[in-house]
Amino acid sequence: MDFVRGFWRKHRRKVLVTAGCLGSGYLLYKLYNSHTRKLADLERELAHQRENDEFIKNQMKAHFENIQLIVDSTTLPHAMQYLSIRISEDIDVSDVMERLDKGKGMLSSSEKLQLWDELKILSFTRMVLSLWSVTLLSLYIRVQVNILGRHLYVDTARALGSSHLLEELDLIDRNDEQKYLSSADFLVTNAMPGLISDMQDAVREVLKGKQLKDVITTAVLQETVMRVMDVFMSTGSPHHWVDYLMMPQDISGSSDEAMSKFQQLMVETREVLISTEFTDIVEISLKCFTDALVEEMETQTVAGGLVTGKPLAKVLPQIEKTMHVITAEPSKNRFLQLIKDLPEVKLFFTLLYANMPQ
């Protein structure tokens, strides 16, 4: 016992320090072990979250690509075919050309001049209206696809907290989705008569005073087409041309909750269409289409073409031939591909799809 007491007195400080170290070490071990478990739990939670995020992205990417495929293979080709038929039927130049052909040597000078003037107005109206309609309809359908795809992504992400099964999520109703995409037919089924009338007025204003003997060059033709579209777009109330693409929605006094998904989609679409950014894209696309079309007309012209200039009377048959080139099916329409590949257009639709609401 004396030995123990002596040892304790001699080594008490070392023993206490050692015991303290051992106690602190155990405490640190417990704290570290607890922290490690929490880190492991957090890692598992983050991994699970990443799996969920990846799941959403993959599911929505597949759904969005499916919608795009439907648009590229069905909606847009159908719209372009329907548009081409409607324009050909509603702006028919064959009757005027037939009367000119059969009336050779029989028509008076005034009668012949009147028919040529009518052919001039109809030919330019048909070309410019076709160019405008194809451009705007293709852009409109792309706006639809991007808005719809973004809504599908956001709705799925918000609903994931209550379900991990895509089939159980509260996505946009299939009927609303189909109704929204089919609204692209409005231009052809409802707005065409008014569009033709207003475009014809713009053509008459721009071509007023142009004689059949006037020389038309590549530059003159480009300027004439762009002037017609400028007059058409600027006549009337701001953004009046949007009403040719989509039916006005009566949502006065309606809250977001009171509106159907279809109405919400249409409201958002109109907001995009009347935006400054979209108007800029329309102008860039129309100019691109016009320049490429006139260049193609030049390459298909025999000696003494549009570069050096031709009388307007000889340019009209070329203008008449552009109809089928302008409204060619999307897979064969190089003008639509040119517009789609424009850097400004690519950026616009990238930002449109990425503009996630909070």
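Since we're looking at a predicted model, the values are computed, not measured.

Before going further, it helps to examine the overall build of the chain. Scanning the chain for helices and strands turns up 11 helices and two strands. Looking at the chain as a whole, 42% of its 358 residues qualify as buried. Within the chain, contacts between residues at least 6 apart in sequence are counted, and of these 82% link residues at least 24 apart. Carbon together with sulfur atoms contributes 55% to the accessible area of the chain, which is approximately 20500 Å² in total.

So, about the packing of aromatic side chains. The tally for this structure, following the rule as stated, stands at seven aromatic pairs. On the numbers, 6.3 Å between centres and 90° between planes, the contact of Trp-132 with Tyr-244 is edge-to-face. Of this pair, Trp-132 sits in helix 3 (residues 109-159) while Tyr-244 sits in the loop between helix 6 (218-234) and helix 7 (261-273), and the two are 112 residues apart along the sequence. Each ring, one from Phe-289 and one from Phe-335, has its centre 4.8 Å from the other, and the planes form 15°; the classification is stacked. In this pair, Phe-289 is assigned in helix 8 (residues 276-299) and Phe-335 in helix 10 (residues 334-340), connecting sequence segments 46 residues apart. Since its relative accessible area comes to 0%, Phe-289 is described here as buried. A network of ring pairs unites the aromatic residues Trp-241, Phe-278, Phe-348 and Phe-349 as a single cluster. The ring of Phe-349 carries Arg-142 above its face, with NZ or CZ at 4.2 Å from the centroid.

Our next topic: unusual backbone geometry. With a phi angle near 65°, His-239 is a residue other than glycine that sits in the positive phi range. Along the polypeptide, His-239 turns up in the loop between helix 6 and helix 7.

Right, let's talk about the packing of helix 4 (residues 174-182) against helix 7 for a bit. Orientation of helix 4 relative to helix 7, taken along the N-to-C sense of each, is 35°, at an axis distance of 9 Å. Where helix 4 crosses over helix 7, the handedness of that crossing is right-handed. Seen from helix 4, the contacting residues are Asp-176, Lys-179 and Tyr-180; seen from helix 7, they are Lys-261, Phe-262, Leu-265, Met-266 and Thr-269. Of the residues belonging to the contact of helix 4 with helix 7, the class tally is four nonpolar, one polar and three charged.

Next up on the list: the nonpolar core. Trp-132, Leu-221 and Trp-241 are the most contacted members of the largest nonpolar core, which totals 90 residues. When residues of this core are assigned to their parent elements, the largest contribution, 21 residues, is made by helix 3.

Before going further, it helps to spend a moment on a negative patch on the surface. There is a patch of like negative charges on the surface, built from Asp-230, Glu-277, Asp-280 and Glu-283. Summarising the element assignment, Asp-280 is placed in helix 8.

A word on the pattern of salt bridges. Between side chains of opposite charge, a pair can form when the charged atoms approach closely. Counted under the stated rule, the structure contains nine salt bridges. Notably, a salt bridge pairs Arg-126 with Glu-320, separated by 2.2 Å at the nearest N-O pair. Of this pair, Arg-126 sits in helix 3 while Glu-320 is found in helix 9 (residues 312-326), placing the two residues 194 residues apart along the sequence. Take Arg-126: its relative accessible area is 8%, and that puts it in the buried class.

This brings us to the side chain of Ser-84. Take Ser-84: it is sitting in helix 1 (residues 2-90). Those residues within four positions of Ser-84 in sequence are excluded, and the remaining contacts are Met-323 and Thr-327.

Counting through the fold element by element, Thr-279 comes out in helix 8. Thr-279 sits in the buried class, given a relative accessible area of 17%. In this view, Thr-279 contacts His-239, Trp-241 and Leu-273; residues no more than four positions away in its chain are not counted.

Conventions used here
Counting restarts for each chain, with residues numbered from 1 along the sequence as it is written. Local features in this predicted model are restricted to residues of pLDDT 70 or higher, and side-chain atom pairs are both shown and tallied only at a pLDDT of 80 or more, whereas totals for entire chains, interfaces and linings draw on every residue. As a rule here, side-chain values come from all non-hydrogen atoms in the structure, and water together with hydrogens is ignored. We count a stretch as a helix when DSSP gives it H or I for four or more residues in a row; a strand needs E for two or more, and each element gets its number in order from the N terminus. Exposure categories follow from relative accessible area, calculated using a 1.4 Å probe and restricted to protein chains: below 20% of the type maximum is buried, above 50% is exposed, and the middle band is partly exposed. We call two residues in contact when some of their heavy atoms are within 4.5 Å. For accessible areas, the Shrake-Rupley method is used with a probe of radius 1.4 Å. Any residue's cover is judged against the shown protein chains and nothing else. Each Phe, Tyr or Trp ring, with Trp reduced to its six-membered ring, pairs with another whose centre is within 6.5 Å; inter-plane angles below 30 degrees give stacked pairs, above 60 give edge-to-face pairs, and intermediate values give tilted ones. Should the NZ of a Lys or the CZ of an Arg lie within 6 Å of a ring centre and within 35 degrees of the ring normal, that charge is described as sitting over the ring. Lines fitted to C-alpha atoms define the axes here, with helix axes fitted over just the stretch in contact, and angles between the N-to-C directions of these axes take values from 0 to 180 degrees. Crossing handedness: left-handed means the near helix sits turned counterclockwise from the far one by under a right angle, and right-handed means the same turn made clockwise. Nonpolar residues are Ala, Val, Leu, Ile, Met, Phe, Trp, Tyr, Cys and Pro. Charged residues are Asp, Glu, Lys and Arg, and all others, Gly as well, are polar. Only buried residues count toward a nonpolar core, which is a set of Ala, Val, Leu, Ile, Met, Phe, Trp, Tyr and Cys residues joined through side-chain atoms within 4.5 Å. Like charges within 9 Å and nonpolar side chains (Val, Leu, Ile, Met, Phe, Trp, Tyr) within 5 Å are joined into patches, using only residues over 30% in relative accessible area that form no salt bridge. We define a salt bridge as a contact between a side-chain nitrogen of Lys or Arg and a carboxyl oxygen of Asp or Glu at a distance within 4 Å. The positive count covers Lys and Arg only, the negative count covers Asp and Glu only, and His and the chain ends enter neither. By convention, the charge on Lys lies at NZ, on Arg at CZ, on Asp at CG and on Glu at CD.

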